[in-house]
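# Secondary and tertiary structure notes
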Amino acid sequence: MQRYDVAVIGAGPGGYVAAIRCAQLGLSTVCIDNMRDQNGVPSLGGVCLNVGCIPSKALLDSSEQYYRAKNHFAVHGIKIENLELDLDTMLSRKDNIVKTLTGGIATLFIKNKVAWLHGQGRLISNKQLEVVLEGEVTAVVAASNIIIATGSLPATQDDISIDGDRIVDSTGALAFNEVPRKLAVIGGGVIGLELGSVWSRLGAKVVVLNRGKQFLSRIEPSIAKEAYRLLQKQGLDIRLGASVKEIKTTKKQVAVIYKDAEGEQKIQVDRLLLATGRQPNTAGLNGEAVGLNVDDRGFIEVDDHCHTNLPGVYAVGDVVRGPMLAHKASEEGVSVAEQIAGQSGHVNYQTIPWVIYTSPEIAWVGKSSQQLKEEGIEFKEGVFPFKANGRAHAMNETDGMVKILSDAKYDRILGVHILGPHASEMIAEVVVAMEFNASAEDIARTVHAHPTLSEAMHEAALAIDKRTIHI
Ligand code: FAD
Ligand code: NAI
């Protein structure tokens, strides 16, 4: 039997970060993970590095470069004749990035002296687990503490079977070997919009079917409205209130029959992406046998500090409540490692930023105006459009806006919502500000470099007291 202070199950951004932090704090640590790459080789990094954040962003970037070269370079005075798409190169670039980064985690494990076992982690008790590979127990591990970071899987639908060819989940949509002529996406959420954008930019006719009538219902309504308009303008055909009734597959085609406000509709496509959410992954963990509590949706139950009901057993990331985001998983991993080492690890769930990597990007932190109204909190708002920002003009990217919501009485920042170029980078300023309980006035009094997109943040803060300079 191998003995460690900490055993981490899962090497995604929750698990590998927890393992490294534990090792930094002097705890002997093993990380057990069952992920393999497309060639069957064990690969660290979980969903995020292998089939999630990283490969999707690689394709979003490549497809955006192609789209710009095709549609936007001319305005800069750059003419390209015979522009060609080399999809094989684009896909292998993505695969190489994944290989570099997943290999990087293996190097970090060596550097930090984290032991790594490939296989399925199966709980025997709250202090012991076994590693199972192809049905055989390959190791038994005793650990004073166990961190479960087994992540999530695509949600399935009873009547839609993923065949990995015509009908795919997000993993399949990262590796189409040709640009679909017509692609249907079921689910107009984050994956649907990001991967829908990739294939639309590369030339596919993309139809997004969303069951809900409200587009991006969780985000700031005015931002959602404008994003909807811009994405439709780019060619994404987003149909709301579309309830899928039946899928019929032939060798080359998929027929999607759905119902919307106008009645029954049918579209014929050559590929279908199912992107209707993700579910916690506890398969093979043996949690039930050791008395690990899960909620009615299958998430492992934890308190505010990621403690499960079993003493010494913690759970972090997508397998527990809260947003399914890599950075949330990692911060929970750090927090648990620090708690095990006797420190006071902590995650501030009020300041977790979200980004949707469409073009323009959508990023937000804190509350929306809708939430504030529902909670009866009085607020002021300041909005500044990128069309009045010099840098956005220089970049020829003037769509979108920054919106800041602050407390009506104390001016504390309650939420910030951005639709615009590099929103993913711009949001960091206000995440820090909110961590320090800043007021909008603090942002308004802070010098922002000129010309930068961040001046739109500055002006949105000025807009709260109706004192913008440039509109
Ligand atoms: P995971 O990354 O799911 O890792 C869990 C690991 O545990 C996996 O390797 C799994 O194989 C392994 N495992 C499971 N059970 C066992 C077991 N019993 N024994 C051993 N190993 C086991 N989030 C962002 O923040 N930004 C993005 O841009 C973003 N883009 C995404 C794009 C796509 C297409 C997808 C699908 C997701 C994206 N996400 C993004 C979400 C992000 O990937 C997840 O929030 C994140 O990976 C969760 O990390 P985790 O450590 O909880 O779990
Ligand atoms: P999602 O929850 O973002 O969106 C699912 C969408 O599908 C919703 O709009 C919902 O109304 C719709 N839907 C549900 N059932 C449906 C049905 N039967 N027919 C039609 N529409 C239906 O889930 P998604 O896009 O699968 O992503 C899962 C999670 O992965 C995200 O919530 C996020 O946590 C994470 N992720 C994060 C990314 C990022 O941070 N940029 C990128 C990709 C994924």
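For the structure itself, look to the data block above.
This write-up is about the structure you can find in this document.

Cut-offs applied
Residues numbered from 1 in each chain as written. Chains lettered and ligands numbered in written order. Predicted model: local features only at pLDDT ≥ 70, side-chain atom pairs only at ≥ 80, totals over all residues. Heavy atoms only, no water. Helix = DSSP H or I, 4+ residues; strand = E, 2+ residues; numbered from the N terminus. Contact = heavy atoms within 4.5 Å. Areas by Shrake-Rupley, 256 points an atom, 1.4 Å probe, with all protein chains shown as cover. Lys, Arg positive; Asp, Glu negative; His and termini not counted. Charge placed at Lys NZ, Arg CZ, Asp CG, Glu CD. Core = buried A, V, L, I, M, F, W, Y, C linked by side-chain atoms within 4.5 Å. Buried < 20%, exposed > 50% of the residue type's maximum accessible area, 1.4 Å probe, protein only. Near = heavy atom within 4 Å. Polar contact = N/O pair within 3.5 Å; in protein donor to acceptor, adjacent residues only side chain to side chain. Nonpolar A, V, L, I, M, F, W, Y, C, P; charged D, E, K, R; others polar. Pairing = 2+ DSSP bridges. Axes fitted to C-alpha atoms, helices over the stretch in contact; angles between N-to-C directions. Left-handed = near helix turned anticlockwise from the far one by under 90°. 1 Å grid on protein atoms, 1.4 Å probe; cavity = no way out; pocket = protein on both sides within 12 Å on 5 of 7 lines; lining within 4 Å. Points joined across faces, edges and corners; volume = space filled by probe spheres on them. Patch = residues over 30% accessible without salt bridge, like charges linked within 9 Å, V, L, I, M, F, W, Y side chains within 5 Å. Salt bridge = Lys/Arg side-chain N within 4 Å of Asp/Glu carboxyl O.

Below, the discussion takes up the overall build of the protein chain. Helix and strand content of the protein chain: 13 helices and 22 strands. Considered along the principal axes of its C-alpha atoms, the protein chain spans approximately 70 × 60 × 45 Å. In the protein chain, the proportion of contacts linking residues at least 24 apart, taken out of those at least 6 apart, comes to 63%. Total accessible area computed for the protein chain in this model is approximately 22100 Å², and 49% of it derives from carbon and sulfur atoms. Averaging the positions of the 48 positive and the 55 negative side-chain charges in the protein chain gives two centres separated by 4 Å.

Moving on, we get to the nonpolar core. With 40 residues, the main nonpolar core has Trp199, Phe215, Leu216, Leu273 and Ile362 as its most contacted residues. Put simply, the parts of the chain that give this core at least two residues each are helix 3 (53-71), helix 4 (87-112), strand 9 (182-186), helix 6 (190-201), strand 10 (205-210), helix 7 (221-234), strand 18 (354-356) and strand 19 (361-366). Excluding its chain neighbours within four sequence positions, the residues that come into contact with Leu216 are Gly188, Leu193, Ala224, Ile356 and Ile362. Formed by 30 residues, the second largest nonpolar core is a distinct cluster that contains Ala363, Phe384, Phe386 and Ile464.

Moving on, we get to the site of ligand 1. Every one of the 38 residues lining ligand 1 counts as a neighbour, but Gly14, Asp33, Asn34, Lys57 and Gly121 are closest to it. Within the backbone of Leu325, one N or O atom sits 3.2 Å away from an oxygen atom of ligand 1. At 2.9 Å from an oxygen atom of ligand 1 is found a main-chain nitrogen or oxygen belonging to Ala326. Burial of ligand 1 by the protein amounts to 94% of the accessible area it has alone, namely 990 Å². Of all the secondary structure elements, the ones that give two or more residues to the shell around ligand 1 are strand 2 (29-33), helix 2 (46-51), helix 3, strand 4 (120-123) and helix 8 (326-340). For the shell around ligand 1, the leading source of residues is helix 2, giving four residues. Counted by class, the shell around ligand 1 contains 16 nonpolar, 18 polar and four charged residues.

One ladder, built from seven bridges, connects strand 1 (residues 2-9) with strand 6 (residues 136-148); its direction is parallel. Considered in strand 6, the bridge of Gln2 is made with Val141. When strand 5 (residues 128-133) meets strand 6, the two strands line up antiparallel, connected through six bridges. Looking at strand 6, one finds that Val132 is bridged to Val137. Pairing between strand 6 and strand 17 (residues 313-315): three bridges, direction parallel. The residue of strand 17 that forms the bridge with Ile147 is Tyr314.

Another aspect to go through is the packing of helix 3 against helix 4. Helix-helix packing: each pair is described by the crossing angle between the helix axes and the interaxial distance. The interhelical angle for the contact between helix 3 and helix 4, taken along N-to-C directions, is 145 degrees, at an axis separation of 9 Å. Between helix 3 and helix 4 lies a crossing of right-handed hand. Between helix 3 and helix 4, the contacting residues are Ile54, Pro55, Ala58, Leu59, Asp61, Ser62, Ser63 and Tyr66 on the first element and Met90, Leu91, Arg93, Lys94, Ile97, Val98 and Leu101 on the second. Partitioning the contact of helix 3 with helix 4 into residue classes produces 10 nonpolar, two polar and three charged.

With that settled, the discussion passes to empty space enclosed by the protein. Considering all chains together, one arrives at two cavities of 30 Å³ or more under this definition. Roughly 50 Å³ of internal volume is contained in the largest cavity. Around the largest cavity sit Pro154, Ala155, Asp169, Ser170, Ile191, Leu274, Ala275, Thr276, Gly277 and Arg278, which together line it. Residue composition of the lining of the largest cavity, by class: five nonpolar, three polar and two charged. Size it by volume and the second largest cavity reaches roughly 40 Å³. Lining of the second largest cavity is provided by Tyr67, Ser197, Ser200, Arg201, Gln234 and Leu236. The element that contributes the greatest number of residues to the lining of the second largest cavity is helix 6, accounting for three residues.

Turning to a nonpolar patch on the surface, a few remarks are in order. Side chains of Ile78, Ile80 and Leu83 sit close together on the surface and give an oily, nonpolar patch of about 230 Å² of accessible area. Structurally, Ile78 can be placed in the loop between helix 3 and helix 4. Ile78 sits in the partly exposed class, given a relative accessible area of 41%.

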